[in-house]
Amino acid sequence: RLSEHITTLDQKFVVPYLPAEPSSGPDEWGHATKAFCVLAHAAFEDYVESLSLAVMHEAIGRWETKKELTRPLLTLVSFYQIRIRCEEDPEQDQLRVFDLLRMGIDEAKQAHSSAIHNNHGFDTPYLRKVLTPVGIDSDAELRFAGSITKLCAARGTFAHTLEPGATYSIGKSMSSTAPEDARKIVGDCMDFCAKLSERAERCFPEK
C-alpha cells in the first residue's frame, strides 16, 4: 500500500516536471515538490506507526493464544517497565500469574498505543520511540540516514511556508528540492521502510 501511495504521489507531483528543463526553476515546480515531500513524509510516518502497532498486536496475540514469548513482547514490557506483584495479605485472594501477566501486558499495550498516537515525526528520535519498544532496530545506513534527514528538514520547512522555492537547512548548508532530488530522497526512504519491514518479519519465528 505504501509503495502504491508513493507512486501515485510521484505521478502527480514529480513526473510532470521530468526531465526538468535547464531553464526551469521553483516558480514552475516548487509547489509540486513541496507537496510531494510533505505528503511522502506523512506516508512514511504513518507506515512506521502502523508497522509498530502490527508487531505489537502480533506479539501479544501469539502470547495469548500459544504462550509464545517473542522479542517484541519482551521489549514491550521492559520498555514500559511493567511489574507484577504478589498479594502479601494472606486473607486476600491473588490473581493467577497468567492474569497478572495479561494485565501487565495490557498496560504496556495502552502505553505504547498512546505513544504512537502522540508521535509526529519520521526522523531518528521518533523512529526510536516508535520502533524500539517492539524490538525493531531503527538504525539506518548512511544513504538512508542522509535522505531521512533531508526529507524531515524539507517537511519542516515546506509545511510552514508559502514560497515555492523555500530552502531548508541541514547543519550549516541550505538546500532546495528539485523534482529529481525529491524523487531520490523519497526513494531512499521507501527502501528504508522496506528494510524495517524485513526486520519486523524477523522478529517472529516461522509459524
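Our subject is the structure that appears above.
Remember, predicted model here, so these are calculated numbers, not experimental data.

Draft legend 1. Highlighting the overall build of the protein chain. Regarding its fold elements, the protein chain presents seven helices and two strands. Starting at the N terminus and walking to the C terminus, you meet the elements of the protein chain as α-α-α-α-α-α-β-β-α. On C-alpha atoms alone, the protein chain measures out to a radius of gyration of 22 Å, which is more than a quarter above the 17 Å that the 2.2 N^0.38 rule sets for 207 residues. With the C-alpha coordinates aligned to their principal axes, the bounding extent of the protein chain is approximately 85 × 35 × 25 Å. When burial is assessed residue by residue, the protein chain has 40% of its 207 residues classed as buried. When the accessible area of the protein chain is evaluated, it comes to approximately 12,100 Å², of which 51% is carbon and sulfur surface. Side chains of the protein chain carry 24 positive and 31 negative charges; the gap between the two charge centres is 2 Å.

Draft legend 2. Highlighting the pattern of salt bridges. Applying the stated rule across the entire model yields eleven salt bridges. In this structure, Asp188 and Lys184 form a salt bridge, with 3.0 Å as the shortest nitrogen-oxygen distance. Here Lys184 and Asp188 lie together in helix 7 (residues 179-202), a separation of four residues that amounts to about one turn. Classification of Asp188 by relative accessible area gives buried; the value is 5%. Residue Lys184 is classed as exposed on the basis of its relative accessible area, which comes to 52%. One connected set of salt bridges, linked through shared partners, spans Glu58, Arg62, Lys66 and Glu68.

Draft legend 3. Structural context of helix 6 (residues 142-158). Counted at 1.5 Å a residue, the expected span for helix 6 with its 17 residues is 24 Å, and the 24 Å between its end C-alpha atoms agrees. Residues Phe144, Ser147, Ile148, Leu151, Cys152, Ala153, Ala154 and Phe158 constitute the buried set of helix 6.

Draft legend 4. Region of the structure containing the nonpolar core. Core analysis: the largest hydrophobic core is formed by 49 residues, its most contacted members being Ile6, Phe44, Phe122 and Ile136. Elements represented by at least two residues in this core include exactly helix 1 (2-13), helix 2 (26-66), helix 3 (71-79), helix 4 (97-117), helix 5 (124-131), helix 6 and helix 7. Ranked by residues supplied to this core, first place goes to helix 2 with 13 residues. With residues up to four places along the chain from it excluded, the contact list for Phe122 reads His41, Phe44, Glu45, Val48, Leu127, Ile148, Cys152, Cys189, Phe192 and Cys193.

Draft legend 5. How the structure looks around the environment of Val38. In this structure, Val38 sits in helix 2. It is 40 Å that separates the C-alpha atoms of Val38 and Glu68, two residues lying 30 residues apart in sequence.

Draft legend 6. Main features of the packing of helix 2 against helix 7. Two elements in contact, helix 2 and helix 7, have axes whose closest approach is 10 Å; the angle formed by their N-to-C orientations is 5°. Taken together, the axes of helix 2 and helix 7 lie roughly parallel to each other. Only Pro179, Ala182, Arg183, Val186, Cys189, Met190, Cys193, Leu196, Ser197 and Ala200 of helix 7 make contact with helix 2, whose side of the interface consists of Trp29, Thr33, Phe36, Cys37, Ala40, Phe44, Tyr47, Val48, Leu51 and Val55. By residue class, the composition of the contact of helix 2 with helix 7 is 17 nonpolar, two polar and one charged.

Draft legend 7. Examining the packing of aromatic side chains more closely. Counted under the stated rule, the structure contains four aromatic pairs. Both rings, one in Phe44 and one in Phe122, keep their centres 5.4 Å apart while their planes meet at 25°; by these two values the pair is stacked. With Phe44 in helix 2 and Phe122 in the loop between helix 4 and helix 5, the pair connects residues that are 78 residues apart, well separated along the chain. Residue class for Phe122 comes out buried when judged on its relative accessible area of 0%. An angle of 50° between the planes, with centres 6.0 Å apart, marks the rings of Phe144 and Phe192 as tilted. Pair noted here: Phe144 is in helix 6 and Phe192 is in helix 7, with a separation of 48 residues, a long-range link. Phe192 shares its class with Phe144; the two are buried.

Draft legend 8. A look at the side chain of Asp10. Relative to the assigned elements, Asp10 resides in helix 1. Setting aside chain neighbours within four positions, we find Asp10 in contact with Val15, Pro16, Phe36 and Arg183.

What counts, and where the lines are drawn
- Residues numbered from 1 in each chain as written.
- Predicted model: local features only at pLDDT ≥ 70, side-chain atom pairs only at ≥ 80, totals over all residues.
- Heavy atoms only, no water.
- Helix = DSSP H or I, 4+ residues; strand = E, 2+ residues; numbered from the N terminus.
- Rg over C-alpha atoms; globule rule 2.2 N^0.38 Å.
- Buried < 20%, exposed > 50% of the residue type's maximum accessible area, 1.4 Å probe, protein only.
- Areas by Shrake-Rupley, 256 points an atom, 1.4 Å probe, with all protein chains shown as cover.
- Lys, Arg positive; Asp, Glu negative; His and termini not counted.
- Charge placed at Lys NZ, Arg CZ, Asp CG, Glu CD.
- Salt bridge = Lys/Arg side-chain N within 4 Å of Asp/Glu carboxyl O.
- Expected span 1.5 Å × (residues − 1).
- Core = buried A, V, L, I, M, F, W, Y, C linked by side-chain atoms within 4.5 Å.
- Contact = heavy atoms within 4.5 Å.
- Axes fitted to C-alpha atoms, helices over the stretch in contact; angles between N-to-C directions.
- Parallel < 35°, antiparallel > 145°, perpendicular 65-115°, else oblique.
- Nonpolar A, V, L, I, M, F, W, Y, C, P; charged D, E, K, R; others polar.
- Phe/Tyr/Trp six-rings, centres within 6.5 Å; stacked < 30°, edge-to-face > 60°.

In short, the description is geometric, and any link to function would need to be established separately.
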